[in-house]
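A closer look at the structure
Chain by chain, the residues run as shown.
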Amino acid sequence: MARVSNWQIGREMSYWYPESRPRRQFAAVFDINKCIACQTCTLACKTTWTSGKGQEYMLWNNVESKPYGFYPLAWDLNLLKALGPQGWEGGVYQGRTIFEAAPAGERVLGWRPDEMDYANPNVGEDDCVGSIENGAELQVPHAVWFFYLARICNHCTYPACLASCPRGSIYKRPEDGIVLVDQGRCRGYQECVRACPYKKVFFNPMTGTSEKCIACFPKIEQGLQPQCFLNCIGKIRVAGWLSRPEQARADNPIDYLVHVRKVALPLFPQFGLEPNVYYIPPIHVPLPFLHQMFGPGVNHAIQTYRAAPTDPDLAGLLALFGCTEQVVPRWRRRGDLVIGMDEGKKELLRVPMREPVHILPAHDAKYGVTRTNCP
Ligand code: SF4
Ligand code: SF4
């Protein structure tokens, strides 16, 4: 095992391979507060990549209702239980990562779902009280909350899938950090399925190989955002490139949200993979739940997000989400305009922070009509 630095847990940790970061890292920010669970992203991915034989159950992108939704069943609960205590002191994780907690003779602490764990992709949808069969009942007043968690592969800096593969079939591309399975090398041992804590590698029984989200790399190579981003109805997603914390640039949208304002947080950073999909946490959910899911930065992230209406830069950047198919590596705000640019600072798009409002009079003298839908 090598010693590598993991900024998300504020310390070094053990990993199967030495630290080797890509030239630039594909990354994304999802604003959970805007997701409506329409599943358009899920279908956009499904119809693009996983409509073949043996892929019927595969959802490289899925959206689950937390706290009672999962895909596959209990993917997070099973590992959280196995991992043991997960305390933080300030920004430093005190527990063990899944690499440090690996049983003797294994590379990663993991578990493999049964077939039936994949049977109900939308289990727990919109559920805020648990199941009646298990004794749950509505109480008044009651803590009614749930939220939608959209998930794809995190294209982790320290992928557990890659670390666990005995064939060396999984690789992380040096040019963009996207993690792929070499279908020619894979022999279907499913160690990666067992190892990925997010359960984002799937076994294809027809081909006998493992398959996973490819971050729509043919689009990324053309400077375009993946299908699930482009089709997102709620405009909750933005894709781009993430720098190391010490190299963060305020004019890089992902750096700004993750490193500068610290409003977007990794999913279960304590697992130790340095995942590269970041979430703006939901502002209406009890903090202890969010603390376990997104780490110790949740309080700051929620306060910052809540203050966005009086924070024109943050509000402006949030207005850029979902406004173009192109990846926007640079941005700036000018008054009420948000401008997205390419690496050479050439303008790609401009978005007004406030939509123009036209108030029509109830009686329109020009046309001699009275509008019945006006107050
Ligand atoms: Fe591998 Fe899972 Fe990380 Fe994706 S989320 S890179 S499948 S460990
Ligand atoms: Fe949520 Fe967007 Fe997916 Fe709809 S398309 S479920 S809003 S992430």
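Thresholds applied
Residues numbered from 1 in each chain as written. Chains lettered and ligands numbered in written order. Predicted model: local features only at pLDDT ≥ 70, side-chain atom pairs only at ≥ 80, totals over all residues. Near = placed C-beta within 6 Å. Nonpolar A, V, L, I, M, F, W, Y, C, P; charged D, E, K, R; others polar. Helix = DSSP H or I, 4+ residues; strand = E, 2+ residues; numbered from the N terminus. Pairing = 2+ DSSP bridges. Core = buried A, V, L, I, M, F, W, Y, C linked by C-beta atoms within 7 Å. Buried ≥ 20, exposed ≤ 12 C-beta atoms within 10 Å, placed from the backbone. Domains from an automatic or database assignment. Contact = placed C-beta atoms within 7 Å. Axes fitted to C-alpha atoms, helices over the stretch in contact; angles between N-to-C directions.

A separate point is the site of ligand 1. Residues in contact with ligand 1 amount to 14 residues; listed here are only the nearest, Cys153, Cys156, Pro159, Cys161 and Cys196. Of the residues in the shell around ligand 1, the class split is 10 nonpolar, 2 polar and 2 charged.

With that settled, the discussion passes to the site of ligand 2. Surveying the vicinity of ligand 2 reveals 14 residues, the closest of which are Cys35, Cys38, Cys41, Cys232 and Gly234. Those elements that provide at least two residues to the shell around ligand 2 are α1 (40-49) and β7 (147-151). Across the shell around ligand 2, the residue classes tally to 11 nonpolar, 3 polar and no charged.

Sheet strands pair via backbone hydrogen bonds, and the direction of the pair is either parallel or antiparallel. What the 4 strands build is an open sheet, ordered β12-β3-β14-β13; its pairing is mixed. Each having just a single partner strand, β12 (237-242) and β13 (265-266) make up the two edges of the open sheet. Where strand β3 (residues 25-31) lies against β12, 6 bridges are found, and the strand directions are antiparallel. Within the sheet, the bridge partner assigned to Val29 lies in β12 and is Val238.

Turning our eyes to something else, we now look at the nonpolar core. For soluble globular proteins, the rule of thumb is that nonpolar side chains tend to be buried together. Counting 99 residues, the largest nonpolar core has Val29, Cys161, Leu257, Ala264, Tyr278 and Tyr279 as the members making the most contacts within it. Top element by residues in this core is β3. It accounts for 5 residues. There are two domains that each give this core at least three residues, and those are domain 1 (2-260) and domain 2 (311-375). If we ignore the near neighbours within four places in the chain, the residues touching Leu257 are Val29, Val263, Ala264, Tyr278 and Leu317.

This brings us to the domain arrangement of the protein chain. Partitioning the protein chain into domains gives domain 1 (2-260) and domain 2 (311-375). Centre-to-centre separation of domain 1 and domain 2, based on C-alpha positions: 33 Å. Taken together, the contact between domain 1 and domain 2 spans 18 residues of the former and 13 residues of the latter. At the level of elements, β12 and α7 (253-260) are the ones that each hand at least two residues to the side of domain 1 that touches domain 2. Top contributing element to the side of domain 1 that touches domain 2 by residue count: β12, with 5 residues.

It is worth spelling out the environment of Phe321 at this point. Tracing the backbone through its elements, the reader meets Phe321 in the loop between α10 (312-319) and β15 (330-334). Since 23 C-beta atoms lie within 10 Å of it, Phe321 is described here as buried. Separated by 83 residues in the primary sequence, Phe321 and Val238 place their C-alpha atoms 5.5 Å from one another. Discounting chain neighbours no more than four positions away, the residues touching Phe321 are Asp31, Lys235, Ile236, Arg237 and Val238.

Here strand β16 (residues 337-341) shows a buried face lined by Val338 and Gly340 and an unburied face lined by Leu337, Ile339 and Met341. Pairing between β15 and β16: 5 bridges, direction antiparallel. From the neighbouring strand, Arg332 faces β16, where its bridge partner is Ile339. Hairpin connection, β15 to β16: the antiparallel pair is bridged by 2 residues, and Gly335 has positive phi, about 60 degrees. One ladder, built from 5 bridges, connects β16 with strand β17 (residues 347-352); its direction is antiparallel. For Leu337, the partnering residue across the bridge sits in β17 and is Pro352. What sits between β16 and β17 in their antiparallel hairpin is a turn of 5 residues, with Lys345 showing a positive phi close to 65 degrees.

Before going further, it helps to spend a moment on the sheet that holds β15. Pairing within the open sheet is antiparallel, and its 3 strands lie in the order β15-β16-β17. Across the chains shown, the open sheet's two edge strands, defined by having one partner strand only, are β15 and β17. The average angle at which neighbouring strand axes cross in this sheet is 20 degrees, direction not considered. With respect to the sheet, α10 is in contact with β15, β16 and β17, its orientation differing from that of β15 by roughly 125 degrees.

Neither face of strand β11 (residues 209-212) is left uncovered, since the one carrying Thr209 and Glu211 and the one carrying Ser210 and Lys212 both have all their residues buried. When strand β10 (residues 201-204) meets β11, the two strands line up antiparallel, connected through 4 bridges. Each bridged residue has a counterpart across the sheet, and for Phe203 the counterpart in β11 is Ser210. The loop that links β10 with its antiparallel partner β11 comprises 4 residues; one of these, Gly208, has a positive phi angle of about 70 degrees.

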